[in-house]
Amino acid sequence: MSALLIKRLFRSLWRTKLRLFSVVFMIVIGVFSGISFGSYAITANSLYDVIYADTEEGVNLPDLWVETHSGVWDEANASTLCTNIETSWPDTSLQFKFCEPRLKLDGLTFYQTSSGEEKLVPSVWHGIDEGLVDRVWLPDDECCEGRLASADNEIVLDEHAASGMGFEVGDSISIAAGFGKMDYTIVGIGFHSNHLYFAQEGVLMPADAGTFVTGYMDASGLERLSNYSAGSANLLLIDIEGTPEYDLQSTTAIEGVQLSLISEHIASNISQNNNSAIQVYDRSGVDSVEFLRADAEGAIKSYPYVTGMLGLVAGITIFLSLQRLIQSQAKEIAVLRTLGVRRRSIMPGYVIAPLFIGGVGSLFGVILGYFVGAPAMSEMYEDIIGVPIIETFIPTSLILQNIGIVMVIVFISGIRPAWQAAQMQPLDVFRGQSEIRLSSRTIQRLTAWMPATVSLSVRSSLRKPMRLAFTFFAVGISMLIFGSMILMMGSIDEVVIGGLEERQSWDSQIYISPGGEHEVIQWAEGNDVNYELLLQFPANPKDDSRQIISQGIDEFSTTDNGAMQILVLKEGSTPQISSQTTQVMVDEGTAHFLDWGVGDIQTLEFGSNEVDVEIVGITQGEISRTIYFHRADLVEILDFEATSVLLVLPEGVEIPADLAENTLGIMVKEDIINSFETMMKVQKQFYVAVEGLGTILAVAVLFNTLLMNLAERDTELATLRVLGAPIKSIGLMMLGEHIAIGIIGGILAAIFSIVGTKILIGAMVQWAFFFTVQANWPVFVLIAGVVLGISIALTPFGMWRVWKMNLVDSVKDLSN
Amino acid sequence: MMEMTGIKRHYEMASGVVKALDGIDLQVKAGERLLLLGPSGSGKTTLLNCIAALDSPTEGTYFFEGNPVPRNAAEQMTTFRRDTIGFVFQNFNLLQDLTVLENVLLIQEIAGVIDEKRARELLILVGLENEIDRFPAEISGGQQQRVAIARSIAKKPKLLLGDELTGSLDSKTSETVMEVLVKACEAENITTVMVTHDESLAKYATRVVRLDSGLILSDNPVEN
């Protein structure tokens, strides 16, 4: 390997500075993104481990939850259940540690906004007495302050709510839990594991400021609010020694076999000794825990692909650039070979060059990722989730992994050009056989009818089909980054906002305890308010811990006929009431994950109660797993009428405070829409940045191809200029060529984006979060239009380059 | 037809001023075939570039058909070339993606006078009637240069310039190409200025101008 040969190669590369910079830039972006996303994933994961840890600083997350949905257990009952669980603990290697009865209730906060408006805010209250498991988290951070509640008129408010609504320690807050309004003093501001992801139950989007409150009282505090006797509970928190594995909703494998066995054992034990409809679940059944875990898992899974994808774009560009370099140096290489330079001396330089480019790009990528990207991602995470990042983790292994991915890609991309350079036959080069490949006869025939300038443009563009194909592929990947954001956000927007605005006509949903619907109905009928009862209850498929929300509705409607909920029927039909086997509809996510289809008969478990259902239809548009029953059918199974009432409020009618005080909470549709829109606003910068990134990459790829095309056609263009072709004519030729490349590239990029996004989403969706990407013409046209726009926008640069061409030097070349 | 007086073309180099042309006076009449002969560095290519308005003289006047030729204005110079000049290069420089016929049509398109019949006639005139649908890489060097000649006269230039146009050809092919050039230029009544090292081409000219060190050494008519 000759140092002089390598020096020569690097000088050649330096002569193509613009191309070199664009390639280094792509690598910088690839490594930067990989480190930023990776750091976010690792930081989030580590944060949850710290929060959930069974230590003084952690909250000691329970391993199993036993929840009753039909009232509460009194102290004696709850204590007996805990004793039974401990004494009948199955014979497994997992050791029982604690069982703590807990009361958790839905309720309301009476909140006066800064404009003086009285607002009823849906709330969740926890009565935390012993706090052996699932303590309130008061991190040593500026977010939080105060102490735990110890008197029955004290409360710790969740930081999300406190900061969103302007509450501080020492303030008084008026709240209710179905039994009248009471005032409490805020003594602390902190977090709780059930609400780290701060969203209302059943709602995927984090709650907007002032639309949701959670508070953590002493057990006596919540008993006072709810009028329940001392020691009442509707939850049993079970802690097991260590942290046992549990079933992940995102996989079909059963990770926590032993925990599942214990869970089934407890469910069967309680149902034998107690009449209450209970549900036993592990961490995957706690929405907040599962969403955050799924989010971190998704980020951990996806960041190597992000780096790889960006690295691949850079790799393709390096490959094409090196090929072009070798082509332009063919004569030099041939001379060297003729002078006796061996193949193995030619090759190393062309292998080292991409590695050098990769190294430089990685260095800058690491610096940017470490000092800018990772802290920015942590900050964004804090903004969106509202949980303080105590420490941002950027492990060395993450940096090495990203550099490794990029270096492998650039190394591979350099091998073939290097091999081609080494394999060049001097005689072929001198005979001109390694020069420009001609357009095929077929292309010539197809374009023969065109004016010569147009056919020249077309044929020049197609002269290097492989280069063009790789360019389109790289543009496709770049636009996949751009398009996937647009498609995903468009689809989520359609599912969340479209679903609520177009297919849900109710204004408010009042949550009630069993039997509490009568008071609401009475008020509604007295005030000309349309209402509809809704019965929601968690179920799970037989021998499967994954939770499905069973929803009993009175009217199945698939068209806009005034029903409060319109379902989108994807397949099959709506259920018939009181069928021999209960007929149901399932959402497409459930059908997808469980492989259920129309006509199947499946068994559902409601606690320990097993029910066979016949699937008659599949619906579309639900993010969470849902199964629809006729409410009357579900009432027969659960033995209570409703869990909430949907209301359409006429102009000027509001839910009165005295009615609200006696409910378990009110969800306002407008608040959910506002929450989503706020979240979108917070994340908009991120989406714009990612879309911009994709666009910049596409620009860089197309720019690189344009530069190569121009460099390759310098002689042609110089000839035309010398022969008197005005810059306008050449500009028009280029424009035509770029329009053609833009249209073809744009169409391919749009197809690539849509197909790629569907595949990506298919791999990303989980039990707790399912949606499909709906491709539509506006998005297709937008993606294709961006590529076309970039391609056209590069024309002036090409014209400028031709304009700056030194014709005297060109003529020298033409005549030598 | 064209008249140059006191033409100088000096280049500022790091090593000092290079006087490529140092006071050239040259008149060319319509129909002449002028051959510029001289050793390397004599200034003949620079003079050709100035005639073609590819380069701008540093000093002196240049009139074509009584009008001053534009200088230091790229697009006006391009227009002058497009309307007035035909150019034949040593390396032919045909566009590889266009067929023989399309190469000729392209120049007509640029000049805004598309006339396929004339393009075909010109190709017949240069003896390429059987090659019109071939790509440049599919024909010989001599044939390519004949296409270049047809291309350069397709837009009816007043002045055809050739820079070492037989430099890449063997002597027999050079003869054929020159014969074709003379025939075509006579048929089209085109004035020609050619630069060459090759003394043997003098027989195709009506006048030979010898240059050295940026100056005209001799200017003699050729007796044929």
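Being a predicted model, the structure only gives us computed values, none of them experimental.

## What to know about the packing of aromatic side chains
Per the stated rule, a full pass over the model turns up 22 aromatic pairs over all chains. Seen in terms of ring centroids, F473 of chain A and F752 of chain A are 5.5 Å apart; in terms of plane orientation they differ by 80°. Their pairing is edge-to-face. A residue pair is termed long-range when its members are at least 10 positions apart, and F473 of chain A in helix α14 (residues 465-503) and F752 of chain A in helix α21 (residues 727-764) qualify at 279 residues. A relative accessible area of 28% means that F752 of chain A is categorised as partly exposed. Ring centres 5.1 Å apart and planes at 20° place the aromatic pair F87 of chain B and F89 of chain B in the stacked group. On the basis of relative accessible area, F87 of chain B is assigned to the buried category, the value being 1%. Taken together, the ring pairs in this structure connect F537, F606, F629 and F640 of chain A into an aromatic cluster.

## Observations regarding the pattern of salt bridges
Residue and element names in this part refer to chain B. Scanning the model with the defined rule gives 27 salt bridges over all chains in all. With a closest N to O distance of 2.9 Å, R207 and E32 form a salt bridge. Taken together, the residues span a long stretch of sequence, with R207 in strand β9 (residues 207-212) and E32 in the loop between β2 (16-28) and β3 (33-37) at a distance of 175 residues. Owing to a relative accessible area of 10%, R207 belongs among the buried residues under this scheme.

## Concerning the nonpolar core
Grouped together as the largest cluster of nonpolar side chains are 263 residues, with contacts concentrated most on Y350 and F606 of chain A together with L26, I51 and F87 of chain B. It is helix α19 (residues 669-712) of chain A that provides the largest number of residues to this core, a total of 19 residues. If sequence neighbours within four positions are ignored, I51 of chain B has contacts with M2, M4, L26, Y62, F80, I85, L159, L161 and V193 of chain B. Formed by 25 residues, the second largest nonpolar core is a distinct cluster that contains V121, I155, Y184 and L225 of chain A.

## Section: the interface of chain A and chain B
As a measure of interface size, the accessible area lost when the parts come together is often cited. Each partner contributes residues to the interface: chain A has 32 residues there, and chain B has 32 residues. Taken together, both faces of the contact between chain A and chain B bury some 3,000 Å²; the carbon and sulfur share is 60%. At the boundary of chain A and chain B, one finds 1 salt bridge. The tally of links from chain A across to chain B stands at 5 residue pairs in polar contact (both at pLDDT 80 or more). When residues of the side of chain A that touches chain B are traced back to their parent elements, those giving at least two are α12 (441-447), α13 (452-461), α20 (714-722) and α24 (807-814) of chain A. Looking at the side of chain A that touches chain B, its residues break down into 16 nonpolar, 10 polar and 6 charged.

## Quick look at the packing of α14 of chain A against helix α22 (residues 777-793) of chain A
Residues and elements named next belong to chain A. Running from N to C, α14 and α22 point in directions that differ by 140°, and their axes come no closer than 11 Å. By the angle between their axes, α14 is oblique relative to α22. The crossing of α14 and α22 is right-handed. On the side of α14, the interface is formed by V475, M479, F482, G483, I486 and L487, while α22 contributes V779, L782, I783, V786 and V787. Tallied by class, residues from the contact of α14 with α22 come to 10 nonpolar, 1 polar and no charged.

Parameters at a glance
- Residues numbered from 1 in each chain as written.
- Chains lettered and ligands numbered in written order.
- Predicted model: local features only at pLDDT ≥ 70, side-chain atom pairs only at ≥ 80, totals over all residues.
- Heavy atoms only, no water.
- Phe/Tyr/Trp six-rings, centres within 6.5 Å; stacked < 30°, edge-to-face > 60°.
- Helix = DSSP H or I, 4+ residues; strand = E, 2+ residues; numbered from the N terminus.
- Buried < 20%, exposed > 50% of the residue type's maximum accessible area, 1.4 Å probe, protein only.
- Salt bridge = Lys/Arg side-chain N within 4 Å of Asp/Glu carboxyl O.
- Core = buried A, V, L, I, M, F, W, Y, C linked by side-chain atoms within 4.5 Å.
- Contact = heavy atoms within 4.5 Å.
- Buried area = accessible area lost by both parts, 1.4 Å probe.
- Polar contact = N/O pair within 3.5 Å; in protein donor to acceptor, adjacent residues only side chain to side chain.
- Nonpolar A, V, L, I, M, F, W, Y, C, P; charged D, E, K, R; others polar.
- Axes fitted to C-alpha atoms, helices over the stretch in contact; angles between N-to-C directions.
- Parallel < 35°, antiparallel > 145°, perpendicular 65-115°, else oblique.
- Left-handed = near helix turned anticlockwise from the far one by under 90°.

None of this, on its own, says anything about what the molecule does.
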